[in-house]
Structure formats: C-alpha cells, structure tokens
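# Architecture and fold: a report
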2 protein chains.
Amino acid sequence: MLKNDILLRTLRGEETERPPVWMMRQAGRYLPDYMKLKAQYDFFTRIQTPELAAAITLQPIDQVGVDAAIIFSDILVIPQALGLEVLMEEGKGPLLPKTIQNKNDIDALDGQNVEEKLSYVLSAISLTKEELNSRVPLIGFAGAPWTILCYMVEGKGSKSFDKAKQFCFTQPELAHQLLQKITDTTIDYLKAQVKAGADLVQVFDSWSGMLSPVDFSIFAQPYLLQIASALSPVAPVILFPKGSWYALPELSKSSASAIGIDWAIDPQLARKMAGTNMVLQGNFDPVKLLLPIPELRKQVKKMIEDFGVSNYIANLGHGILPHIPVDHARAFVEAVKEYELVRS
Amino acid sequence: MLKNDILLRTLRGEETERPPVWMMRQAGRYLPDYMKLKAQYDFFTRIQTPELAAAITLQPIDQVGVDAAIIFSDILVIPQALGLEVLMEEGKGPLLPKTIQNKNDIDALDGQNVEEKLSYVLSAISLTKEELNSRVPLIGFAGAPWTILCYMVEGKGSKSFDKAKQFCFTQPELAHQLLQKITDTTIDYLKAQVKAGADLVQVFDSWSGMLSPVDFSIFAQPYLLQIASALSPVAPVILFPKGSWYALPELSKSSASAIGIDWAIDPQLARKMAGTNMVLQGNFDPVKLLLPIPELRKQVKKMIEDFGVSNYIANLGHGILPHIPVDHARAFVEAVKEYELVRS
C-alpha cells in the first residue's frame, strides 16, 4: 500500500481532494545534488548504474515534494537496445553515428531480449521502489515510436526533423516497418518496467507536433494506441504527444488513462476537446517557474481552476529548465498541494 | 494595372477562378541561380545591393511561375535599423553580439529615420517593381514584434526562446516598451515599403507558437493588430503567426486581409475557427514537396478542397527547404494553377 497514492487514484478516475503533481525532468539538472553526481559520472554511467539512477530519482521526492517519482533514464535506450550506437556529449544532445536509411538497416535491428539488454533500467526501478519505501508511486517511461524514429533516422536533435519526415513521406512502407519494430520492443520494455516495479508508465512523443494532424494519424497515433492497449491491462498509461493538441479527441477514446498536453493550448479548450472523463496532465510553461513566487502560485491556482480539479494531474507542459531555482520548483508543487485549502 | 492580380483580388475578398499561389522563401536556396549568387556575394551584400536583391526576387517568377514576388530581404534588418549589430554566418543562422537585457539597452535603440537606414530595401523594391513590369504583385514584409524581440533578447536562434520568454514574463513593462518600439519602427518601415512599390505586406511571427494562448494575447497579438490597423488603409496585410492556431478567431476580427497558418492545423478546422470571410493562407508541409510529383499534385488538390477555393491563398506552412528539386516546387505551383481545370 502506498502512503501517497493520489496520482494512482486520479488515474483510476476517482475524485480526489486536490490534483496530484509531478514535473517532467524533475530528477535532473536544476537540482544541486544532481549536478554534483553529474560532475563525477558521465551520462551513461548515471543511467546504467542502478544505485546512481535510484539516488537521482529520489532527489525530487525528498527535496521538492512531488507526488510521484519518475525513474531517471533516457528515451534513447531503445535505439541502443535495437543495436544502434548512441553518443551523448554533455550540453550538445544525442548523436547516433549510424542512422537508419533503408530496409537493410531496419532488418539489422534486433529487438529481442530487451529485458536483458536494458536490465540496468529494471534494476534501477527495483532498487528505487525499495528505497521509496511506499512513499509515492514510481513512473516508468519510454519514447513514443515516432519520436524514436526521429532520432534513428535524423541521427541527432533537429528543429523540425525534416529528414525523419522525408523518410516517412517518401518511404511509408519502410517507415511503418521501423515504427512497428520500435513499438514491439517498447511494449516489451514497458511491460518489463511494470514487472520490475513501475506503478504506471508515460510515453513521451516529444516531436509529434512536427506532424500535421493527418500525418500524426498515420505515423504516430497507431503506435501510441498499440502501446496503450498492450500496457493498460497491467498499469495506467499516460500519453504525452507534445504539440499534438489536435489529437485530443481521438486519444481520449484510447485505453490510455491520461493525456499530457503542453502550454500551447488553453486548458479549457483541451478539456472540451478531451471530454470530461479523460484525465489531462499539464501544462504550465516551464519558463513561468521563474516568476516571483507569489505570482507563480497565483498562476498555478488559475491553471487548476481552468482544468478543473477532477481528472487532472498538475505538471509542466515540458521538462523543467536547468536554471530554475529549487525553491521555485518547490513553490509550484506546494501551490498544487495547498489547492484543497484554497478551495474551502 | 497588373497582368496577374489574382492575389490582390483574393485579398479584397473577391471570388476568383482558382486560389492564388506563392511560397514562403520562394526566392532562395533551392534555386541553382540563387546558389550561384550566394557563392559570389555574402548575405548582407545580397540583401543590401538592390540589383542583387531584385534579381533574386525575380528568379521564382520566371522559373517557378508563382502569382506574386516577395522582396528578397531579412526580418533582422529592423534590429539593425534600431542600432544592433547582426552577424550572419552561412549555415549557422544570425548572431546578435549585443543583446537587449535592461531599460538602458532599450532606451539606446534609435527607431528614427528607418526610411534612410533601410533605403537599400526600398531601392530594391522600386527596382523590382520596374523589372517585374506589372507581371505579378510584389509582397513587402517584416518580422512581427514578438519574433524580433526573440532575436534581440536571445541573440540568436533557439529551440524554445526561453530567455526571450523569461524577459517578457519577469519584466513585462520593459518587454512592452521594447515591443512598442519595434512596432513603431516596423510600421514606418512597412509604410515605406508600400510607398516604394510593395502591393501588399506580410508580417512573419515565426516564433509566436512558443507562447501559450494567454501570453500570445499579451506579448504578440496587440502588436500584430497595431501593424494591421496602421497598414490596412494603404495595403492589404497578411499576418503569419506560425504555431498560433489558437489565435485564429481573434485575428480574424482584425483589419488584416489574410491569416497565414502552418500545417499543424487541419484546413477545415482552421476555416471553422477563422469564419468564412477571412482569407486563409497555407499550409502545405514543406517536406511534402519531396513526394513523387503525382502524389504531390494529389495532396495539393486535397488541400485546396479542404480549405475551399474561395478566400484562400495556396502556400506552404513555412519556408521552402534547400533540398527541394525545382521541378517539385514548380509542380506545387502548377497543381494550384490547374485547379480550375480540375474543377470543371
């Protein structure tokens, strides 16, 4: 039994006394204790050493007071598990020296034995669960197939992922083969995370907003739905298709338990598009955490009122930024936690 | 009298036999003749030499057959006219060594005599008009105040313009001072472009989609509306707030003649949000120009049908990409021009 299960109750559609709250990238670069570990250990050491990953995952629980932990890891472990090399230069983002361009490249990807290949994530999850000692639930995660394809084809970050789109638009059959291979591996991986102790999972489609509504329905949505269907019998699923506000009506019919949204859509319109029953998660602009704390608290309160207290998880609309003062992150969390008091 | 005035007739709200068509960045890097000039002359020489700017502006009229010319220039001439240094490294994007951070920086900006400071653009417009010889109308343009603020505060391109947003959110009074100064100068500049011969103007808010609907209504929209009001008595105005689909209902009440949209919104929904009377412009995904030509033509036809032939300007949803084959650009334009034949 979890001591704080407000996130799980919300995901089950129960009425709660206030919205649960966590922050994307809450375990990371704005926390001084994280920066100390970052100075000592390189990126892959941090995510591949269960003791380090668990310690980093726990930091925001103790220091910021969020209602859930999210395992410290990276979405690019899937391309690695499929056999691609992923380099990570600090401050420069990921680099995949060998990208996917043709059928041979796709056939060469080996999606077998993901539990073994990514056993370090599963160990980190088990260890974190132990150290959490039932305080809050633990979120597992993976990148969405479209977003993973973006990196596998483009080889690095991009403003608009034109090469990935070109690959999909001009070779749709190959694109679907690749997306299906990523999807199958991701489903195995997320199920293994749940078996290792993750209480729920989130799927990050960080670049889905680069696609038009029609192309989202072709290259992103079917694979998100497959993952939601496969995982929902074992754990609640949150889908976060950043920038794809237009998909809210369709995704709200899926077996996902919640949909994450970014700040480019008004909460009231999002609620209208998603219907009253789907749980929504978001959507504070991460830059707004820099507001003076009284103003920050006021805007958090307004956000909750705009979404409505029910069927809502307070979060940012994207990851927290490196230069956010810890007390501002804490003020965000506290403003949500105090909301029930404000109401009465 | 223009020989081809279909764009102007559409902007006046008249029924036309087919939609007019042009492409953002149509004068540029996908054209071999442009690349020859680029190899010979650096960026500022190209935009500051009226003969070169005019020659580049004319290339797509002759080679691709668009219904309008758009003067070859850059939105960052406004920061330059205000007194900031702008460096342009080929392939690297703009760099402003001295950025705007405080009140002194803003007070030091000198928005006077923009006609004199940017006389080279006005000369390029006059020369282009002469050489166009009334074949098609000439579009003048400027960056929107929010987008110009982004570069002036951030100093370079960015994935999310967090520093610019931080400046606006934490020092809103200063932000409005800066936005007003940019707006005043931009209005002078666009009026001078019309006097020099521009038949209409487009305002590019390339980064407005980084703002939430509420913040767009505070930091972007009021200045777009000021520009539309000031210019509409002398020339039709097209507003292009990229990514800000949510602003369609409000902007449709403005004195602008058309609103440009990108591909992240379905044409039918855009039409519903804008109402039947506002002219819409867009929104082909530039990557789709790489489709095989028969498929490309099919998707252009579908786009026109989704927008409806009336009150519509066919265009891309953003600038054309460097690696688009010229015959694909031409196929896009021809597919629109032949639409009237397809209809009958």
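Predicted, not measured: the structure shown is a model, and the values here were computed from it.

Thresholds, definitions, all that
Residues numbered from 1 in each chain as written. Chains lettered and ligands numbered in written order. Predicted model: local features only at pLDDT ≥ 70, side-chain atom pairs only at ≥ 80, totals over all residues. Helix = DSSP H or I, 4+ residues; strand = E, 2+ residues; numbered from the N terminus. Buried ≥ 20, exposed ≤ 12 C-beta atoms within 10 Å, placed from the backbone. Contact = placed C-beta atoms within 7 Å. Axes fitted to C-alpha atoms, helices over the stretch in contact; angles between N-to-C directions. Parallel < 35°, antiparallel > 145°, perpendicular 65-115°, else oblique. Left-handed = near helix turned anticlockwise from the far one by under 90°. Nonpolar A, V, L, I, M, F, W, Y, C, P; charged D, E, K, R; others polar. Pairing = 2+ DSSP bridges. pLDDT = per-residue confidence, 0-100. Least-squares fit on C-alpha atoms with pLDDT ≥ 70 in both.

Okay, the overall build of chain A next. Along its length, chain A carries 18 helices and 9 strands. With 344 residues in all, chain A has 53% of them scored as buried. Sequence separation of at least 24 residues holds for 73% of the intrachain contacts in chain A that already meet a minimum separation of 6.

Another point: the environment of Ile106 of chain B. Residue and element names in this part refer to chain B. If you trace the backbone, Ile106 turns up in helix H6 (residues 103–107). Sequence spacing of Ile106 and Lys337 is 231 residues, and the spatial spacing of their C-alpha atoms is 47 Å. Setting aside chain neighbours within four positions, we find Ile106 in contact with Ile100, Leu174, Gln177, Leu178 and Lys181.

Residue and element names in this part refer to chain B. Where helix H8 (residues 119–132) contacts helix H11 (residues 172–196), the axes come no closer than 8 Å and their chain directions differ by 30 degrees. What the angle tells us is that H8 and H11 run roughly parallel. Of the two elements, H8 crosses H11, and the hand of that crossing is right-handed. Residues Val121, Leu122, Ile125 and Ser126 of H8 form the contact with H11, whose participating residues are Ala192, Gln193 and Ala196. Within the contact of H8 with H11, the residues separate by chemical class into 5 nonpolar, 2 polar and no charged.

Residue and element names in this part refer to chain B. Close contact between helix H9 (residues 145–154) and H11 brings their axes to 9 Å; oriented N to C, the two are set at 120 degrees. The angle between the axes of H9 and H11 places the two elements in the oblique class. Of the two elements, H9 crosses H11, and the hand of that crossing is right-handed. Two secondary-structure elements touch here, H9 through Pro145, Trp146, Ile148 and Leu149 and H11 through Leu178, Leu179, Ile182, Thr183 and Thr186. By residue class, the composition of the contact of H9 with H11 is 7 nonpolar, 2 polar and no charged.

The subject of this paragraph is the sheet that holds strand S9 (residues 312–316) of chain B. Residues and elements named next belong to chain B. Pairing within the open sheet is parallel, and its 7 strands lie in the order S1-S4-S5-S6-S7-S8-S9. Unpaired on one side and paired on the other, strand S1 (69–70) and S9 mark the two borders of the sheet. Lying on the sheet, H8 is in contact with S1 and strand S4 (138–143); it crosses S4 at an angle near 155 degrees.

Contacts between the two partners involve 21 residues from chain A and, on the opposite side, 21 residues from chain B. The element best represented in the side of chain A that touches chain B is helix H10 (residues 162–170) of chain A, accounting for 5 residues. Looking at side-chain class alone, the side of chain A that touches chain B contains 10 nonpolar, 5 polar and 6 charged residues.

Here we take up unusual backbone geometry. In this structure, the amide linkage connecting Gly282 of chain A to the following residue, Asn283 of chain A, adopts the cis form with an omega of -15 degrees. Relative to the assigned elements, Asn283 of chain A resides in strand S8 (residues 279–284). For Arg25 of chain B, which is not glycine, the phi dihedral falls at a positive 65 degrees. Secondary-structure assignment places Arg25 of chain B in the loop between helix H1 (6–11) and helix H2 (32–40). Taking the number of C-beta atoms within 10 Å as the measure of exposure, Arg25 of chain B has 18 and is therefore partly exposed.

Attention now moves to the pairing of strand S5 (residues 200–205) of chain A. All names here are of chain A. Counting buried positions over the 6 residues of S5 gives 6, a clear majority of the element. The alternating pattern of S5 places Leu200, Gln202 and Phe204 on one face and Val201, Val203 and Asp205 on the opposite face, and all of these are buried. Note: strand S4 (residues 138–143) against S5, 5 bridges, orientation parallel. Bridge pairing in S5 links Gly143 to Phe204.

Looking at chain A, the pLDDT average stands at 96 and 99% of residues meet or exceed 70. Both scores are available for the predicted complex, with the pTM at 0.97 and the ipTM at 0.95.

This part is about the relation of the copies chain A and chain B. At an RMSD of 0.0 Å, chain A and chain B line up after a rotation of 180 degrees and a shift of 0.0 Å along the axis. The operation mapping one copy onto its partner corresponds to a two-fold rotation axis. For chain A, the minimum C-alpha distance to the rotation axis belongs to Lys159 of chain A and amounts to 3.2 Å. Interface overlap between copies is the fraction of interface residues in one copy that are interface residues in the other; for chain A against chain B it reaches 100%, indicating a shared surface.

All right, on to the pairing of S9 of chain B then. All names here are of chain B. Counted residue by residue, S9 has 5 buried out of 5 residues, so it is predominantly covered. Burial along S9 is two-sided: Tyr312, Ala314 and Leu316 facing one way and Ile313 and Asn315 facing the other are all buried. With 5 bridges connecting them, strand S8 (residues 279–284) and S9 associate as parallel partners. Counterpart to Phe284 in the pairing with S9 is Leu316.

On to the sheet that holds strand S9 (residues 312–316) of chain A, then. Residue and element names in this part refer to chain A. Spatial ordering of the open sheet is given by S1-S4-S5-S6-S7-S8-S9, a layout of 7 strands whose pairing is parallel. For this open sheet the edge positions go to strand S1 (69–70) and S9, each flanked by a neighbour on one side alone. As paired strands, S1 and S4 are joined by 2 bridges and run parallel to one another. Residue Ala69 lies in a different strand from S4, and its bridge partner there is Leu138.

A separate point is the environment of Pro294 of chain B. Along the chain, the position of Pro294 of chain B falls in helix H16 (residues 293–307). C-beta crowding within 10 Å serves as the criterion here: with 9 such atoms nearby, Pro294 of chain B is assigned to the exposed category.

With that settled, consider H9 of chain B. All names here are of chain B. Of all 10 residues making up H9, 10 are buried, and the element is well covered by its neighbours. Taken together, the buried positions of H9 are occupied by Pro145, Trp146, Thr147, Ile148, Leu149, Cys150, Tyr151, Met152, Val153 and Glu154. Gly155 sits one or two positions beyond H9 and adopts a positive phi of about 85 degrees.

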